[in-house]
Amino acid sequence: MLAKIAEITLPIFIIALAGFFYARATKPDLSGANRIIVDLALPALIFTSLSVQEFSLHSAGYFVLGAVLLVLLSGLAILPLVKFSGTGWRALLPCAMFGNVGPVGIPMTVLAYGQAGLGPAVLLLVLSNILHFTVGAWVMSGRMEARSVYANPLIWATALGLLASTLHLKLPHWLAVPLTMTGSVLVPMMLLSLGARLGESRVTQARIGVYGAAITVPVRLAVAWGLTRFLPVDEVQRGALILFAALPPAVFNYMLADRFGREPDKVASIVIAGHFACVIFLPLAIWLAFL
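Throughout what follows, the structure given in this document is the object of discussion. (Residues numbered from 1 in each chain as written. Predicted model: local features only at pLDDT ≥ 70, side-chain atom pairs only at ≥ 80, totals over all residues. Heavy atoms only, no water.)

## Here's the deal with unusual backbone geometry
Even without being a glycine, His168 presents a positive backbone phi close to 55°. With respect to the helices and strands, the residue His168 is situated in the loop between helix H8 (153–166) and helix H9 (173–184). Given the relative accessible area of 57%, His168 is considered exposed. For Glu263, which is not glycine, the phi dihedral falls at a positive 50°. (Helix = DSSP H or I, 4+ residues; strand = E, 2+ residues; numbered from the N terminus. Buried < 20%, exposed > 50% of the residue type's maximum accessible area, 1.4 Å probe, protein only.)

Here is the structure:
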């Protein structure tokens, strides 16, 4: 089991550390590269990975239900701990509800389960994205923004990928190859970008950051463990949900907190501390996933 944990986590940490030290040394401007990743590589990966999957509506339905319940119940479960956190509930709840699915979740799930883990990981990414910019934005701002769903390229890539899978459509070679090549750059680039972002960040509210990181992930893991005891999901889907629960708070939490003025410095500290704490929580989640 220790060898399995090292096999899954070490590649993630090594690539992220490379980005971390590179950013410390050179101070690169990654805004353009990150935009390409989100606007092109991520939709390409979503479409190509979903279009070749065989989905059981019964099994996938329970998996989607589990992911949605995990997000919502994690927010409710963290509420009693808000008063000890030094932050308001609108700032803390999204940190417990939404993890960093793209840069950490997809690589970890694929390393753990191979190509069988890619479909569930991508579905978790899309579901988390939809909920983050609807429920998460509502928690922080008090209002819902429908445009964040219908104008999101990830949603359209998901819909087209599921349609292609359902209709058993096969893309012509000249189109499938560039889409696959574009999507294949996503995982290493997201890890490098994550490391670079951490290299440029500063924790200004250390105590709040450590406390937030220490409570949000264990709460999510406890909720995920309980859900997977009852939901009839297969082994890969069960493991994907547990790994999903162990992810550090999403960087988008800081972006939303900054946008809506919900203690962005404190949220940033929780996000940064959570990424360093994943050195502890990811191996624990891998152990639970393979029990």
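## Focus: the packing of helix H6 (residues 118–141) against helix H12 (residues 235–245)
Look at H6 against H12: their axes get within 10 Å of each other, and the N-to-C directions meet at 45°. By the criterion of interaxial angle, the relationship of H6 to H12 is oblique. Every pair of crossing elements has a handedness; the one defined by H6 and H12 is right-handed. Residues Pro120, Leu124 and Ser128 of H6 pack against Val236, Ala240, Leu241 and Phe244 of H12. (Axes fitted to C-alpha atoms, helices over the stretch in contact; angles between N-to-C directions. Parallel < 35°, antiparallel > 145°, perpendicular 65-115°, else oblique. Left-handed = near helix turned anticlockwise from the far one by under 90°. Contact = heavy atoms within 4.5 Å.)

## Focus: the nonpolar core
Counting 83 residues, the largest nonpolar core has Ile46, Leu124, Leu186, Leu221 and Leu243 as the members making the most contacts within it. Sort the elements by how many residues they give to this core and H6 lands first, with 14 residues. Beyond its immediate chain neighbours, meaning those up to four positions away, Leu186 contacts Ile37, Ala41, Leu42, Leu45 and Ile106. (Core = buried A, V, L, I, M, F, W, Y, C linked by side-chain atoms within 4.5 Å.)

## Thoughts on the side chain of Ser85
By the secondary structure assignment, Ser85 is in the loop between helix H3 (57–78) and helix H4 (89–97). Of note is the side chain of Ser85, whose polar atom sits 2.7 Å from the backbone oxygen of Val82. Apart from the residues lying within four places of it in its own chain, the contact partners of Ser85 are Leu92, Ile208 and Tyr211. (Polar contact = N/O pair within 3.5 Å; in protein donor to acceptor, adjacent residues only side chain to side chain.)

## Some points on helix H13 (residues 251–260)
For H13, the set of buried residues is Val251, Asn253, Leu256, Ala257 and Phe260. Positive phi shows up at Gly261, right after H13, with a value of about 65°.

## Quick look at the pattern of salt bridges
Following the criterion strictly, the structure yields 1 salt bridge and no others. Measuring nitrogen to oxygen at the nearest pair gives 3.1 Å for the salt bridge that ties Lys266 to Glu263. Under the relative-accessibility criterion, Glu263 is labelled partly exposed at 28%. (Salt bridge = Lys/Arg side-chain N within 4 Å of Asp/Glu carboxyl O.)

## So, the environment of Cys95
Mapped onto the elements, Cys95 comes out in helix H4. By relative accessible area, which is 2% here, Cys95 ends up buried. Considered as a pair, Cys95 and Val271 are 176 residues apart in the sequence and their alpha carbons are 7.4 Å apart. With residues near it in sequence (within four places) discarded, Cys95 still touches Thr216, Pro249, Asn253, Val267 and Ile270.

## Some remarks on the packing of H12 against helix H14 (residues 264–289)
Two numbers describe a pair of packed helices, the interaxial angle and the distance between the axes. Contact geometry for H12 and H14: axes closest at 9 Å, N-to-C directions at 160°. Taken together, the axes of H12 and H14 are roughly antiparallel relative to one another. Seen along the crossing, H12 lies across H14 with a hand that is right-handed. From H12, Arg238, Gly239, Ile242 and Leu243 reach across to H14, where they touch Ala285, Ile286, Leu288 and Ala289. Across the contact of H12 with H14, the residue classes tally to 6 nonpolar, 1 polar and 1 charged. (Nonpolar A, V, L, I, M, F, W, Y, C, P; charged D, E, K, R; others polar.)

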